[in-house]
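Working through the structure, step by step
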Amino acid sequence: AYAVHRVVRPVVVQTAVTSAASSAFSPPRLLQEQLQRRSAEEPHRLSGPGVLQEFIKRVWPSIAEFIGKKIRSKILDQGLEDTPEMRGHIDQAVKLLQQETLTLPVTHEWLNNVLNIFWPMLSKTVNAGVQEKILPLIKE
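Residues numbered from 1 in each chain as written. Predicted model: local features only at pLDDT ≥ 70, side-chain atom pairs only at ≥ 80, totals over all residues. Heavy atoms only, no water.

1. Re the overall build of the protein chain
Counting its secondary structure elements, the protein chain contains 6 helices and 0 strands. In sequence order, the protein chain lays out its α and β elements as α-α-α-α-α-α. Residue burial in the protein chain is summarised as follows: out of 140 residues, 21% are buried. Long-range contacts, defined here as pairs at least 24 residues apart, represent 57% of the contacts in the protein chain between residues at least 6 apart. Total accessible area on the protein chain is roughly 10300 Å²; 61% of this is exposed by carbon and sulfur atoms. (Helix = DSSP H or I, 4+ residues; strand = E, 2+ residues; numbered from the N terminus. Buried < 20%, exposed > 50% of the residue type's maximum accessible area, 1.4 Å probe, protein only. Contact = heavy atoms within 4.5 Å. Areas by Shrake-Rupley, 256 points an atom, 1.4 Å probe, with all protein chains shown as cover.)

2. Regarding the packing of aromatic side chains
All chains considered together, the criterion is met by 1 aromatic pair. On the basis of an interplanar angle of 70° and a centroid distance of 6.0 Å, the ring pair of Trp60 and Trp110 is categorised as edge-to-face. Taken as a pair, Trp60 in helix α4 (residues 51–77) and Trp110 in helix α6 (residues 108–139) lie far apart in primary sequence, 50 residues in all. Across this residue pair, the class does not change: Trp60 and Trp110 are buried. (Phe/Tyr/Trp six-rings, centres within 6.5 Å; stacked < 30°, edge-to-face > 60°.)

3. Topic: unusual backbone geometry
A cis amide bond links Leu104 with the next residue in sequence, Pro105, at an omega value of -5°. With respect to the secondary-structure elements, Pro105 resides in the loop between α5 (84–99) and α6.

Set out below in structure tokens:
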């Protein structure tokens, strides 16, 4: 398949080889443009700058579900009640998190959005921890 690809599109292969060999000497902008062009010309390839992001988009709903289950188990491990209200908060947070797909590199905007999603229920856990552990230490 590679030999056929090389015969059909020798310029693309040359660009890929050239960019790989001289990436240390190429300006980052030029290298990025070459990779974007190659990715647009060859969307069927399993390499390139957009492949990891596409993979994350596809698996992100499952990752969000896993995060929701872990949060629920941690809340139960801390002795907090598993109320319908708490389950509703977690389910709502998971739905919002599924819409907030992870971006690479991770940006502060994405992190702030995720913290805003989970803060309503995490604040109860943090407050309970402060009440149980921090306040007794302060009173001593």
